[in-house]
Amino acid sequence: MSGDRKRKLRLSKIYSFACCKASFEGDRSQIGGKGYSWVVFCNEPDSFEDGIRNSADNSVRSTKYTLATFFPKSLFEQFRRVANFYFLVTGTLAFTKLAPYTAVSAILPLIIVIGATMVKEGIEDWRRKKQDILVNNRRVSVHRTDGIFEYTAWKNLRVGNIVKVEKDEFFPADLLLLSSSYDDAVCYVETMNLDGETNLKIKQGLEATASLQGNLNFKKFKATVKCEDPNANLYSFVGSMEFEDQKYALSTQQLLLRDSKLRNTDYIFGAVIFTGHDTKVIQNSTDPPSKRSRIEKKMDRIIYFLFCILFLMAFVGSIFFGIITNDDLQNGLMKRWYLRPDDSTIFFDPKRPAAAALFHCLTALMLYGFFIPISLYVSIEIVKVLQSIFINQDIYMYYKEADKPARARTSNLNEELGQVDTILSDKTGTLTCNSMEFIKCSIAGVAYGHGTKEVEKAMYRRKGSSSILGHDIESEADDIRDSVDKKALIKGFNFADERIMNGNWVNEPHVDVICKFFCLLAVCHTAIPEVDEDTGNVSYEAESPDEAAFVIAAREFGFEFYQRGQTSLSTHELDPVSGKKVERKYKLLNVLEFNSSRKRMSVIVEDEERKIFLLCKGADSIMFERLANNGREFEEKTMEHVHEYANAGLRTLILAYRELDAEEYKDFDNKFSKAKNLVSANQELLIEEVSDEIEKNLILLGATAVEDKLQDGVPECIDKLAQAGIKIWVLTGDKMETAINIGFSCSLLRQGMKQIIIHLDCPEILALEKDGDKMAIAKASRQSVLLQISEGAAQLAAYKGSSQQALALIIDGKSLVYALEDNMKNMFLELAIRCASVICCRSSPKQKALVTRLVKSGTGKTTLAIGDGANDVGMLQEADIGVGISGVEGMQAVMSSDIAIAQFRYLERLLLVHGHWCYRRISSMICYFFYKNITFGFTLFLYEVYASFSGQPAYNDWLLSLYNVFFSSFPVIALGVFDQDVSARYCLKFPLLYQEGVQNVLFSWRRILSWMLNGFISALIIFFFCTKSMELQAFDAEGRTAGKDILGATMYTCVVWVVNLQMALTISYFTFVQLILVWGSIVFWYLFLLAYGEMPPHFSTNTYKVFIEALAPSPSYWIVTFFVVISTLIPYFSYKAIQMRFFPIYHEIVQWIRYDENIKDPEFCDMVRPKTMGSTARLSAKASPH
């Protein structure tokens, strides 16, 4: 439609509810008071009053740090971790005489670790900063002076500026709509980024400013707006505008919110009301909750446990040291004469043993600190970032049609993906496509449309029937395929029935009814046509996907709506008499719009014969009661068809009409106009009452059925997740019948499953609702819900002994209100978690979040929420893991999620493959970290015991410091990134593998302590084998014995070999990178020892030339290293061999299948497949005999 034509339209004349005038009654009396003190001087952004109000500028910031706060805030974040704070304290104490090593060797590793983490934080924040720069530098046309508009960046806008926004542009701030390309200042707004809704909203400026349609009109424009202060309420706005000595009331109809988009309107002029962080959308954006995985929380407890061991060792060692020191000087005799106890410092003074013991305790705390892995946190962060990159680059989770890969928006929760116990899913747009298609219709009591959808097939399979309304499913599938071959697919239209396609409807009975039916589809709507000037094709911009589907269907049936005028609609219709296309024009008199309470929409039109018709479409619950006695000819058949469609999960609407005589319409129009022009708080109610009077005595035409079809692969994905033992809840706003049938089609429900349905549609409650006694309704509803929950629990108890009987819980939104109350929610949760499937219908966004919180806190297990709309944000943020579907409902859910995927089916690979791998890798990595540090740290303790608790380390200072940084960390990082116990194919083939994460098999206290025990055993073997093999005989050919330098270097060599070969034994899946890092760490140790030993003695101290002169030439060194390493690894190797052969855990059984090629043996494979989990309906279905 051209801009000239749009400027001539005064759309407010035909709308009933959307463009109502604001009233000065009610809240507007508060303007000027507390909370309503905001004053805007339009077109005067530099006014004195504006300057002293201190309003926010229009730039936004989503970064965590600024240049000034990066270092202090980042350092604070790092030293909040107890391990890092401990190393800071010990590094500070290293500058005192208490330190058993030099200060530089203690501080440098801490600087490297903290620095690496800060660099990572800085890079992530810089990415957020770049996004902010892009948004803040978007361009918008702003009025400067004398009617001249210039482009400027969003960030430069000020409160009071006049801006011009053009079609398909975003609003840069919260604007007051002044005028638009339409004469009456109407515009269409898409709020997808705010509320997730794709339908367009109608906004209208004040009549007083509607004439300001050119740039020059704003040369002398001045107005003052007084309104509410900045707040987060998207759906309210109270204010007034003083313009040309008149005062006008303002409402949400005049407010255009930042980040919403202008659609179907060439341009608008608006005044900036709120900027930047004062805008409503930014006020609504809360900081995402800080989420930490269960493994990370448990890791903190393990570190506290190691601290306890460390303090205990230091305390016990200090007691022994005090006793020994006290005995050093007895009657002038010196036991440890080399310490000169007769002339000693306080650290070894036998006269002050208590003080010596205390100082020794501090020294020991510093020395034994190597029990705590300093590089653990930074290594885990590096590994998680690399794991996230692998998730992002997984080609099997890339959606080619929309060019959208998976995206891990945070790396903190990778391992949590492998521990999900319950999935809470939205339906529309998550399980379904949120793309409506016209599928079937019933006209004059005859059902049309042979397409059989997934939901219908599932429904009839469970009923054991192969036919639908007398048509065979398989033959209909063939018809559909033939139809698709003949005609290209049309978005929004998936209908096949030759009886009424291609103009064949003129040969059907009741031609007049069919003609009126198609005419109603073409005329009863608020869509706007857009004609492609090159091709002549017509496309439609509609307020909802359903409405677009109806207009497209009318076009395909031969009734093409192609033009909307000020008060007219033009169509091309197939004339049943001549069989030719004719142009018809309808005078549009009124539009009675749809809303949630009316549940219907009507238009009143006058045709070319001057006949007046009311055309109405609405929900069956509303429409059937409005039929005239002579308009019910097809009611019985239509109700039957509507019931079939609803059971198939299709959305249905009833179509009806009536003819109005001139006097009746004139009377209605007078009342309607009076109600529309009334400035009152009851305006909408009065309009609804007038509309209700005319929408009666209708004549039934038929019904429509549209489908929001399932996404590809949803049933298979849910089936696989269920086999993995994951519970799945669906939280939807749909009515119960639709949700149940979608449940059957997507494998959430199955035939023979006992359904526990909790609802409040019983006669007693309905009778109370008619009386309107709210207290009585609440009391009766609460009692009813409690009774139904108790009865459900009794049914569960009755079926407790039957493993083959699965139950499903289905509850509606009204009942959920009471089920979530404090005194009932635990009963509800207990009932729900014992059911195989749970569906919550008619759920509000808040209820979704509350249910998620209940499941998370009540079960204590990992929850994952998945959704695609802004109404799912609360649920995503409340769950342990939030997964956003980057679908058609905008990016609000994705921006609030932890991980974004394009299709629900990718959840299968995300959890069963990446989740399983990440959980296993991180668990093994942490266990190994503690193992290698205990092995290293306990050799220090044993040497201290061996040396009378002297506080002297067994190793050189720099060898102590670099152990965790260079000689043992890189292979464990490779383990965390690359290791696989089984391949992706086997993860999907044996989904029960996933239960290892849910049950936390690989990171239980038993497994953690067993790895610690392995570390203690390794340290004992290394220390005693090294000391006993060296203490009595000559070390080299010249007869020299081994001193501290040789013993320390030999033990260190054994430790490096042992921990790296232990890693090699732990790895299940070797890659070239892992081989290089394992052997590279060992080789690097020798190169470092050689290079470090060549440095001057004041730097290399007791390591000076120790390798080249003492160790390398001595066969004893190599022999001891070989036998000590082999002896140390034998206990673990033996245990692992016995355990895997005779007591394998699940992934080891699958490994046996893989290596023995037993996968070809069905009986053997069946041994490791799930029989029944008792947690999902599908597993029970698989266990039942066929």
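Residues numbered from 1 in each chain as written. Predicted model: local features only at pLDDT ≥ 70, side-chain atom pairs only at ≥ 80, totals over all residues. Heavy atoms only, no water.

For the rest of this paragraph, the subject is the overall build of the chain. Scanning the chain from terminus to terminus reveals 41 helices and 37 strands. Intrachain contacts of the chain at a sequence separation of at least 6 include 74% that bridge at least 24 residues. With the model as given, the accessible surface of the chain reaches about 50,500 Å², and the carbon-plus-sulfur share is 56%. (Helix = DSSP H or I, 4+ residues; strand = E, 2+ residues; numbered from the N terminus. Contact = heavy atoms within 4.5 Å. Areas by Shrake-Rupley, 256 points an atom, 1.4 Å probe, with all protein chains shown as cover.)

What follows concerns the sheet that holds strand S12 (residues 261-263). With antiparallel pairing, three strands are arranged side by side in an open sheet as S7-S6-S12. For this open sheet the edge positions go to strand S7 (200-204) and S12, each flanked by a neighbour on one side alone. Looking at each pair of strands side by side, their axes are set apart by 45° on average, direction ignored. Pairing of strand S6 (residues 186-190) with S12, which is carried by three bridges, proceeds in the antiparallel orientation. Each residue of the ladder has a partner; that of Glu190, found in S12, is Lys261. (Pairing = 2+ DSSP bridges. Axes fitted to C-alpha atoms, helices over the stretch in contact; angles between N-to-C directions.)

Attention now moves to the pairing of strand S8 (residues 223-227). Along S8, four of the five residues are buried, which leaves the element largely enclosed by surrounding structure. Pairing of strand S1 (residues 38-42) with S8 involves five bridges; the strand directions are antiparallel. Counterpart to Cys42 in the pairing with S8 is Ala223. Sheet topology note: the S8/strand S9 (residues 239-243) ladder contains four bridges and is antiparallel. Each bridged residue has a counterpart across the sheet, and for Thr224 the counterpart in S9 is Glu242. (Buried < 20%, exposed > 50% of the residue type's maximum accessible area, 1.4 Å probe, protein only.)

Where helix H33 (residues 1005-1030) contacts helix H34 (residues 1044-1066), the axes come no closer than 10 Å and their chain directions differ by 145°. The interaxial crossing formed by H33 with H34 has right-handed handedness. On the side of H33, the interface is formed by Trp1011, Asn1014, Ile1022, Phe1023, Cys1026, Thr1027 and Met1030, while H34 contributes Leu1047, Thr1050, Met1051, Cys1054, Val1055, Val1058, Gln1062 and Thr1066. Of the residues contributing to the contact of H33 with H34, the split by class is 10 nonpolar, five polar and no charged. (Left-handed = near helix turned anticlockwise from the far one by under 90°. Nonpolar A, V, L, I, M, F, W, Y, C, P; charged D, E, K, R; others polar.)

A cluster of nonpolar residues, Leu312, Phe315, Val316, Ile319, Phe320 and Ile323, forms a patch on the protein surface that exposes about 570 Å² of accessible area. With respect to the element layout, Leu312 can be found in helix H8 (residues 294-326). (Patch = residues over 30% accessible without salt bridge, like charges linked within 9 Å, V, L, I, M, F, W, Y side chains within 5 Å. Salt bridge = Lys/Arg side-chain N within 4 Å of Asp/Glu carboxyl O.)

A word on the sheet that holds S9. With antiparallel pairing, four strands are arranged side by side in an open sheet as S1-S8-S9-S10. Both outer strands of the open sheet, S1 and strand S10 (246-250), are each paired with one neighbouring strand and no more. The mean inter-strand angle of the sheet, taken between neighbouring strand axes irrespective of direction, is 20°.

Among the nonpolar cores identified, the biggest contains 110 residues, and Tyr368, Ile926, Phe936, Tyr955, Tyr1052 and Trp1085 are the most heavily contacted of them. Considering every element that reaches this core, the biggest residue donor is helix H28 (residues 906-946), with 16 residues. When near neighbours in sequence (up to four residues on either side) are disregarded, Phe936 contacts Phe370, Tyr955, Leu959, Leu960, Tyr963, Tyr1052 and Val1055. One finds Leu520, Val523, Phe559 and Ile687 within the second-largest nonpolar core, a separate group that totals 76 residues. (Core = buried A, V, L, I, M, F, W, Y, C linked by side-chain atoms within 4.5 Å.)

Bringing the packing of aromatic side chains into the picture now. For the coordinates displayed, the defined rule picks out 65 aromatic pairs. Seen from their ring centres, Tyr86 and Phe307 are 5.0 Å apart, and the 70° between their planes marks the pair as edge-to-face. Note that Tyr86 is positioned in helix H4 (residues 82-93) and Phe307 in helix H8, a separation of 221 residues in sequence. Assessed through its relative accessible area of 10%, Tyr86 is described here as buried. (Phe/Tyr/Trp six-rings, centres within 6.5 Å; stacked < 30°, edge-to-face > 60°.)

On to the pattern of salt bridges. Applying the stated criterion across every chain, the model contains 31 salt bridges. With a shortest N-O distance of 3.6 Å, Lys384 and Glu296 are connected by a salt bridge. Taken together, the positions of Lys384 in helix H10 (residues 376-392) and Glu296 in helix H8 put the pair 88 residues apart, joining distant regions of the chain. When sorted by exposure, Lys384 lands in the same class as Glu296, which is buried.

Looking now at helix H30 (residues 969-978). Burial analysis of H30 places eight of its 10 residues in the buried class, which makes it a mostly covered element. Every buried residue belonging to H30 is among Ser969, Pro971, Val972, Ile973, Ala974, Leu975, Gly976 and Val977, and all of these are buried. Elements in contact with the buried residues of H30: H10, H28, helix H29 (957-967), H34 and helix H35 (1072-1093).

Side chains of Arg61, Lys73, Lys129 and Lys155 sit close together on the surface and give a patch of like positive charge. Here Lys73 lies in helix H3 (residues 70-79). According to the relative accessible area criterion, Lys73 is partly exposed, its value standing at 38%. (Lys, Arg positive; Asp, Glu negative; His and termini not counted. Charge placed at Lys NZ, Arg CZ, Asp CG, Glu CD.)

Right, let's get into the environment of Ile718. Looking at the element boundaries, Ile718 is found in helix H19 (residues 714-723). Taking the C-alpha atoms as reference points, Ile718 and Leu431, separated by 287 residues in sequence, lie 9.8 Å from one another. What Ile718 contacts, discounting residues up to four positions off in sequence, is Leu431, Ile728, Cys746, Ser747, Leu748 and Phe904.

To continue, consider the environment of Met1063. If you trace the backbone, Met1063 turns up in helix H34. The contacts of Met1063, once residues within four sequence positions are left out, are Tyr928, Pro971, Val972, Leu975 and Val1078.

This paragraph deals with H4. End to end, H4 covers 17 Å across 12 residues, agreeing with the expected 16 Å (1.5 Å per residue, within 8%). Of all the residues in H4, the buried ones are Ala83, Asn84, Tyr86, Phe87, Thr90 and Gly91. For H4, the buried positions fall inside an angular range of 155° around the axis, keeping them on one side. The inward-facing, buried residues of H4 abut H3, helix H5 (103-136), H8, helix H9 (353-367) and H10. (Expected span 1.5 Å × (residues − 1). Arc of directions from axis to C-beta.)

Right, let's get into the packing of H28 against H34. Packing of H28 against H34 brings their axes to within 11 Å, and their N-to-C directions diverge by 165°. Judged by the angle between their axes, H28 and H34 are roughly antiparallel. Handedness of the crossing formed by H28 with H34: right-handed. Residue-level inspection shows Arg920, Tyr928, Tyr931, Lys932, Thr935, Phe936, Thr939 and Tyr943 of H28 in contact with H34, the latter providing Lys1044, Leu1047, Tyr1052, Val1055, Val1058, Val1059, Asn1060, Gln1062, Met1063 and Thr1066. Looking at the contact of H28 with H34 residue by residue, the classes come out as 10 nonpolar, five polar and three charged. (Parallel < 35°, antiparallel > 145°, perpendicular 65-115°, else oblique.)

Before going further, it helps to examine the side chain of Ser375. By the secondary structure assignment, Ser375 is in the loop between H9 and H10. Assessed through its relative accessible area of 4%, Ser375 is described here as buried. Within the structure, Ser375 has its side chain in polar contact with the backbone oxygen of Asn964 (distance 3.0 Å). Contact partners of Ser375, with chain neighbours within four places excluded, come to Val113, Phe929, Asn964 and Ser969. (Polar contact = N/O pair within 3.5 Å; in protein donor to acceptor, adjacent residues only side chain to side chain.)

As a further point, take unusual backbone geometry. Of note in the backbone geometry, Arg610 takes a positive phi value of approximately 65° without being a glycine. Within the secondary structure, Arg610 sits in the loop between strand S27 (600-606) and strand S28 (612-618). Arg610 gets classed as exposed once you look at its relative accessible area, which sits at 62%. With a phi angle near 45°, Thr1101 is a residue other than glycine that sits in the positive phi range. Here Thr1101 shows up in the loop between helix H36 (1097-1100) and helix H37 (1106-1111). Residue Thr1101 is classed as partly exposed on the basis of its relative accessible area, which comes to 42%.

Further remarks concern the environment of Asp300. You can see Asp300 is positioned in helix H8. If we ignore the near neighbours within four places in the chain, the residues touching Asp300 are Arg292 and Tyr377.

All right, on to the confidence of the model for the chain then. Residues at a pLDDT of 70 or more form 84% of the chain, whose mean pLDDT is 82. This stretch, residues 1-7, has a pLDDT under 50; its non-local contacts, to residues over four places away or in other chains, come to 23 contacts. In this model residues 1169-1186 is a low-confidence stretch, pLDDT under 50, and it forms 46 contacts with partners more than four residues away in sequence or in other chains. (pLDDT = per-residue confidence, 0-100.)

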